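Chain by chain, the residues:
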Amino acid sequence: MSTQRTPKIFSTFNLTRMAILAALASILFLLEIPVVAFYKLDLSNIPVLMGAFSMGTVPGLIILGLKSLIGLTHSSSAGVGELADFLMGAALIIPASLMYHRQKTRKNAILGMIVGTLCMAAVSILANKFIMLPFYMGAYHMDMAGILKYANVVGIDSEWKLLLLITAPFNLLKGIVLSVVTALIYKPLSPILHAKVR
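Since the structure is predicted, the reported quantities are computational estimates derived from the model, not experimental observations. (Residues numbered from 1 in each chain as written. Predicted model: local features only at pLDDT ≥ 70, side-chain atom pairs only at ≥ 80, totals over all residues. Heavy atoms only, no water.)

1. Quick word on the overall build of the protein
Phase 1: Helix and strand counts for the protein come out as 7 helices and 2 strands.
Phase 2: Listed by position from the N terminus, the elements making up the protein come as α-β-β-α-α-α-α-α-α.
Phase 3: A compact globule built from 198 residues would reach a C-alpha radius of gyration of about 16 Å, and the protein, at 18 Å, matches this within 12%.
Phase 4: On the principal axes, the C-alpha backbone points of the protein span a range of 60 × 35 × 25 Å.
Phase 5: With 198 residues in all, the protein has 44% of them scored as buried.
Phase 6: Surface summary for the protein: the accessible area is close to 11,000 Å², and the carbon and sulfur share equals 69%. (Helix = DSSP H or I, 4+ residues; strand = E, 2+ residues; numbered from the N terminus. Rg over C-alpha atoms; globule rule 2.2 N^0.38 Å. Buried < 20%, exposed > 50% of the residue type's maximum accessible area, 1.4 Å probe, protein only. Areas by Shrake-Rupley, 256 points an atom, 1.4 Å probe, with all protein chains shown as cover.)

Here it is, written out as structure tokens:
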């Protein structure tokens with residue numbers, strides 16, 4: 001049995017890395033690319049994934065939480081969007097990092113991100129049905145017909161069609177993009193993520 005001790009989660013080194021990655025995630029959170037209906041793609045969970053891979057699941061969730069808290073300072077949804085983003089981000093981060101840390105191989109990282117992407121898509125359906133859509137209907141005094149008209153997507157005429165044909169595929173696409181970019185840049189940046197500043 002190995003006697004090697006893992007570094008403490010809240011060491012000064014880890015806290016510094018978490019802060020830097022959370023700041024980077026918060027900046028990327030502001031850069032959104034319109035994709036379909038009112039859904040926009042952002043790359044803010046790439047630093048979160050990198051933190052979770054390099055430090056563990058709990059630090060990854062802390063980075064995600066910090067990003068969401070910073071997002072509250074410019075929220076257009078009274079924090080509801082940030083809550084939904086946190087839940088969907090956690091659904092991606094938790095399985096991806098847990099699978100990777102069981103055995104730190106590229107294969108496990110990719111499998112973890114695949115499982116995480118599927119989990120994120122499933123959670124996006126629940127988060128939109130029970131958090132986002134009710135909020136927007138209340139905030140803008142619209143019923144589901146009004147939401148669907150605002151979405152302006154041909155052939156979408158019910159809440160479940162919106163969730164299953166737009167929300168879930170969008171989040172699958174988002175998970176794939178996040179996973180591919182992370183897979184491409186994690187290894188080259190790994191020395192920086194793990195190197196202590198002297």
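2. Comments concerning unusual backbone geometry
Phase 1: Within the chain, Ala78 stands out as a residue other than glycine whose phi angle is a positive 55°.
Phase 2: Inspection of the secondary structure assignment puts Ala78 in the loop between helix H3 (57–71) and helix H4 (80–102).
Phase 3: Since its relative accessible area comes to 75%, Ala78 is described here as exposed.

3. Some points on the environment of Leu69
Phase 1: One can find Leu69 in helix H3.
Phase 2: A relative accessible area of 54% places Leu69 in the exposed class.
Phase 3: Leu69 sits 120 residues away from Leu189 along the chain, and the two C-alpha atoms are 26 Å apart.

4. Some remarks on the confidence of the model for the protein
Phase 1: Per-residue confidence for the protein gives a mean pLDDT of 90, with 94% of residues at or over 70.
Phase 2: Overall, residues 1–6 carries pLDDT values under 50, and its contacts beyond four positions in sequence, including any with other chains, amount to 0 contacts. (pLDDT = per-residue confidence, 0-100. Contact = heavy atoms within 4.5 Å.)

5. Quick word on a nonpolar patch on the surface
Phase 1: There is a patch of nonpolar side chains on the surface, built from Ile110, Leu111, Ile114, Leu118 and Leu172 and spanning about 400 Å² of accessible area.
Phase 2: Considering every element that reaches the nonpolar patch, the biggest residue donor is helix H5 (residues 106–139), with 4 residues.
Phase 3: Here Leu111 lies in helix H5. (Patch = residues over 30% accessible without salt bridge, like charges linked within 9 Å, V, L, I, M, F, W, Y side chains within 5 Å. Salt bridge = Lys/Arg side-chain N within 4 Å of Asp/Glu carboxyl O.)

6. Section: the pairing of strand S1 (residues 33–36)
Phase 1: Inspection of the sheet shows S1 paired to strand S2 (residues 39–41) by 3 bridges, in the antiparallel sense. Paired with Ile33 across the two strands is Leu41, which belongs to S2.
Phase 2: Joining the antiparallel neighbours S1 and S2 is a turn of 2 residues, in which Ala37 adopts a positive phi near 50°. (Pairing = 2+ DSSP bridges.)

7. Regarding the side chain of Ser179
Phase 1: Position of Ser179 among the secondary structure elements: in helix H7 (residues 159–194).
Phase 2: Setting aside anything within four residues of it in sequence, one finds Ser179 in contact with Met113 and Thr117.

8. Re H3
The periodicity of an α-helix, 3.6 residues per turn, causes residues three or four positions apart to be oriented the same way.
Phase 1: The end-to-end C-alpha distance of H3 is 21 Å, a good match for the 21 Å that 15 residues give at a rise of 1.5 Å each.
Phase 2: Within the sequence span of H3, burial applies to Thr57, Pro59, Gly60, Ile63, Leu64, Gly65, Lys67, Ser68 and Gly71. (Expected span 1.5 Å × (residues − 1).)

9. Focus on the packing of aromatic side chains
Phase 1: Applying the stated rule across the entire model yields 6 aromatic pairs.
Phase 2: Centre to centre, the rings of Phe53 and Tyr186 are 5.7 Å apart; their planes meet at 75°, and the pair counts as edge-to-face. With a gap of 133 residues between them, Phe53 in helix H2 (residues 45–55) and Tyr186 in helix H7 connect regions that are remote in the sequence. Accessibility assignment for this pair places Phe53 and Tyr186 in one class, buried. (Phe/Tyr/Trp six-rings, centres within 6.5 Å; stacked < 30°, edge-to-face > 60°.)

10. A word on the pattern of salt bridges
Phase 1: Evaluation of the coordinates by the stated rule reveals 5 salt bridges.
Phase 2: Lys161 is the partner of Asp157 in a salt bridge, and the nearest nitrogen-oxygen pair spans 3.2 Å.
Phase 3: Since its relative accessible area comes to 55%, Asp157 is described here as exposed.
Phase 4: Here Lys161 falls in the partly exposed class, since its relative accessible area comes to 34%.
Phase 5: Salt bridges sharing common partners tie together Asp42, Lys67, Asp85 and Lys174.

11. Considering helix H1 (residues 12–30)
Phase 1: With 19 residues, H1 should reach 27 Å at 1.5 Å per residue; the first-to-last C-alpha distance of 28 Å fits that figure.
Phase 2: Every buried residue of H1 is accounted for by Asn14, Arg17, Met18, Leu21, Ala22, Ala25, Ser26 and Phe29.
Phase 3: Packing partners of the buried residues in H1 comprise H2, H3, H4 and H7.

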